[in-house]
Amino acid sequence: CNTAVLEDAVFESMPSGKNEIIDKLHVGAVDPRTFDIGTYFSIFDFGLNITVHLKDFAYNSETIFEYENDEGQKRFLKNVRSSVHLLDDTTGEYTGHSFRNAPQFMSFIPSETNLRDAQYETEAVLDHYFFHDNTAPFLAQRLIQRLVMSNPGPRYIQTVAEAFKTGSYVSGGISFGSGKYGDLASTFAAIYLDRAARNVLLDKDISNGALREPILKVTSLMRSMEYVTHAPIIEFDHVEDKIGQVAYEFDSVFSFFLPEHKPNGPVGNAALVSPEATLLDTPKILGLLNGLNSMIRFGLSSC
C-alpha cells in the first residue's frame, strides 16, 4: 500500500509537566550539549524541573526537552510527532488511517545493519527491563522468597522494592545504600533488617518461613558435623536422582522450582506457595533421609 511519513511539532510552548512530555513525545534525542555552542538556547523551568532546548529561539520540531525520571536518569525527547499515513492506491489521497511511526535502532534493510546499532538496541532493551516499574517489586518478592520466607506480605515487598528504587534504607539510625536506583546494599539491608524478617513472634505463624532446599540440608549437616575432606573437590555424583537437587544442575532456566508452586494439602488449600516443595515427593524425601542418616553413621564415601 502507498504510505507517507509526516512529521510535525507537538508543543508550541512549555508543556504543563513531565507527564505530558512522556505521554506525547516518543522520539528520543541526543544531548543538545553535543552540538556546537550556540546551536541551542536552553531554558530551565524550576517549577516543572524541565529544560527546553530551543533551536532558532523557537518551539519547532527540532526542539529538545530534557527531564529527569523517577530513577534519576536524564531523558532527552525530541518535540516531534512522526506518523505513517495510508494513501489510496489509485488517487494517492489520504484515506484517514494512520499509525505512529515507532523509532528503531536496527534498519529493516539488511545492507544497512551494523554492530553499532545492534549494541545500541540491546542496551536500550536492557535499560527498559532494568528500569521498568515492575522490576523492583518482582525482584523484591523473589529475593525474599529465596532468603527469608515463601509468602511475604505486601508491606514487606513494598519496603524492599522502595529500597531497590531509591537506593537507600535506614534501620536503627544506620543508613544503607548509595542513593542510586538498583543499589543492592540497601535492598539486602531491607530484606534482612525489616521487622518481618526479625520479629520472633512471627515464628508462631505457621505460614511464616520457608522450606529448606535439599542440597542446603546436606551442606548444613556437613557443616554442623565439621566435615573435613582431604580431596580438592567434594563430588556429589547422581545425587539429584536421590534428593532432586544438586548444585548448578538446573532442569530449566527457571531453576529447580517455580516460585508460584502450591503443593497439595493444607498449604495449597490456604492459597500459600512453597516453591521448594516442588522437589518433595516420596522417593526423594526417603532418599534424603536415608542419605543424611548414612552420612552420620558411615561418613561420605564414593559408594
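Quantities reported herein were computed from a predicted structural model and do not represent experimental measurements.

> So what's going on with the layout of surface pockets? Which residues, and what values?
What the largest pocket holds in volume is close to 1500 Å³. As for the largest pocket, its lining consists of 34 residues, and the residues nearest its centre are His26, Gly28, Arg75, Leu77 and Ala124. Contributions of two or more residues to the lining of the largest pocket are made by β5 (74-78) and α2 (115-130). Considering every element that reaches the lining of the largest pocket, the biggest residue donor is α2, with six residues.

> Break down empty space enclosed by the protein for me, citing the residues and quoting the values.
Taken as a whole and assessed by the stated rule, the structure comprises one cavity of 30 Å³ or more. Each pocket or cavity is described by its volume, and for the largest cavity that value is around 40 Å³. Taken together, Leu211, Arg212, Glu213, Pro214, Lys217, Glu276, Leu280 and Leu288 make up the full set of residues lining the largest cavity.

> Got a sec to walk through the packing of helix α3 (residues 135-147) against helix α4 (residues 154-166)? Specific residues and values, please.
Closest axis-to-axis distance for the α3/α4 pair is 8 Å, and the angle between their directions is 120 degrees. Relative to α4, the element α3 lies oblique. With respect to the hand of their crossing, α3 and α4 are arranged in right-handed fashion. Taken together, the residues of α4 that come into contact with α3 (itself represented by Thr135, Ala136, Pro137, Leu139, Ala140, Gln141 and Ile144) are Tyr156, Ile157, Val160, Ala161, Phe164 and Lys165. Residue composition of the contact of α3 with α4, grouped by class: 10 nonpolar, two polar and one charged.

> Mind laying out the packing of aromatic side chains, listing which residues take part and the relevant values?
The relation between two aromatic rings is expressed through the spacing of the ring centres and the mutual angle of the planes. Scanning all chains against the criterion turns up 12 aromatic pairs. Taken together, the ring pairs connect Phe130, Phe131, Phe164 and Tyr181 into an aromatic cluster.

> Describe the nonpolar core, and please don't skip the residues or the numbers.
Ranked by internal contacts, the top residues of the largest apolar core, which has 17 residues, are Ile144, Tyr156 and Val160. Put simply, the parts of the chain that give this core at least two residues each are α3, α4 and α5 (184-193). Broken down by element, the residue count for this core peaks at six residues, all from α4. Not counting chain neighbours up to four residues away, the residues in contact with Val160 comprise Ala140, Ile144, Thr187, Ala190 and Ile191.

> Please set out the sheet that holds strand β4 (residues 64-68) residue by residue, giving values where relevant.
One open sheet holds the four strands; their spatial order is β2-β3-β4-β5, and the pairing between them is antiparallel. The outermost strands of the open sheet, each flanked by one partner alone, are β2 (40-45) and β5. Shown here is a sheet whose adjacent strand axes are inclined to one another by a mean of 20 degrees, direction ignored. Both β4 and β5 contribute to a ladder of five bridges, which runs antiparallel. Bridging across to β5, Glu66 finds its partner in Phe76.

> So what's going on with unusual backbone geometry? Which residues, and what values?
For Asn49, which is not glycine, the phi dihedral falls at a positive 60 degrees. Its identity is not glycine, yet Ser255 carries a phi of approximately 75 degrees, on the positive side. With respect to the helices, strands and loops of the structure, Ser255 is situated in the loop between α8 (240-243) and α9 (266-269). Its relative accessible area of 27% is what places Ser255 among the partly exposed residues.

> So what's going on with the sheet that holds strand β7 (residues 94-100)? Which residues, and what values?
Taken in spatial order, the three strands make up an open sheet running β1-β6-β7, and their pairing is antiparallel. The outermost strands of the open sheet, each flanked by one partner alone, are β1 (2-8) and β7. Adjacent strand axes in the sheet meet at a mean angle of 30 degrees, parallel and antiparallel pairs treated alike. Note that β1 and strand β6 (residues 81-87) share seven bridges and pair antiparallel. In the sheet register, Thr3 faces β6, and the bridge partner there is Leu86.

Rules and cut-offs
In every chain, residue numbers begin from 1 and rise along the written sequence. Local features are withheld for residues below a pLDDT of 70 in this predicted model, meaning they are given only at 70 or higher, and side-chain atom pairs are given and counted only at 80 or more; totals for whole chains, interfaces and linings count all residues. With hydrogens and water set aside, each side-chain value is computed from the structure's full complement of heavy atoms. Here the term cavity refers to a set of points on a 1 Å grid, laid over the protein atoms alone, in which a 1.4 Å probe fits but cannot get out; the term pocket refers to an open set having protein on both sides within 12 Å along at least five of seven lines, with lining residues being those that place an atom within 4 Å of a point. Grid points are joined across faces, edges and corners, and a volume is the space filled by probe spheres set on the points. Per the convention used, a helix needs a DSSP run of H or I reaching at least four residues, while a strand needs a run of E reaching at least two, with both numbered from the N terminus. In this analysis an axis means a line fitted to C-alpha atoms, helices contributing only their contacting stretch, and an angle means the value between N-to-C directions, from 0 to 180 degrees. If an angle is under 35 degrees, it is roughly parallel; if it is over 145, roughly antiparallel; if it lies from 65 to 115, roughly perpendicular; otherwise it is oblique. Handedness of a crossing is defined here by the sense of rotation of the near helix relative to the far one, left-handed for an anticlockwise turn of less than a right angle and right-handed for a clockwise turn. Here, two residues are considered to be in contact whenever any of their heavy atoms come within 4.5 Å of each other. Ten residues, namely Ala, Val, Leu, Ile, Met, Phe, Trp, Tyr, Cys and Pro, are considered nonpolar, four, namely Asp, Glu, Lys and Arg, are considered charged, and the remaining ones, Gly among them, are considered polar. Put simply, two rings from Phe, Tyr or Trp (the six-membered ring, in Trp's case) pair if the centres are within 6.5 Å, and we call them stacked under 30 degrees between planes, edge-to-face over 60, tilted for the rest. Joining through side-chain atoms within 4.5 Å is the link that ties buried Ala, Val, Leu, Ile, Met, Phe, Trp, Tyr and Cys residues into a set, and such a set is a nonpolar core. We call a residue buried when its accessible area falls under 20% of the maximum for its residue type, exposed when it is over 50%, and partly exposed in between, using a 1.4 Å probe and counting protein chains only. Paired strands, as defined in this entry, are two strands with at least two bridges between them according to DSSP.

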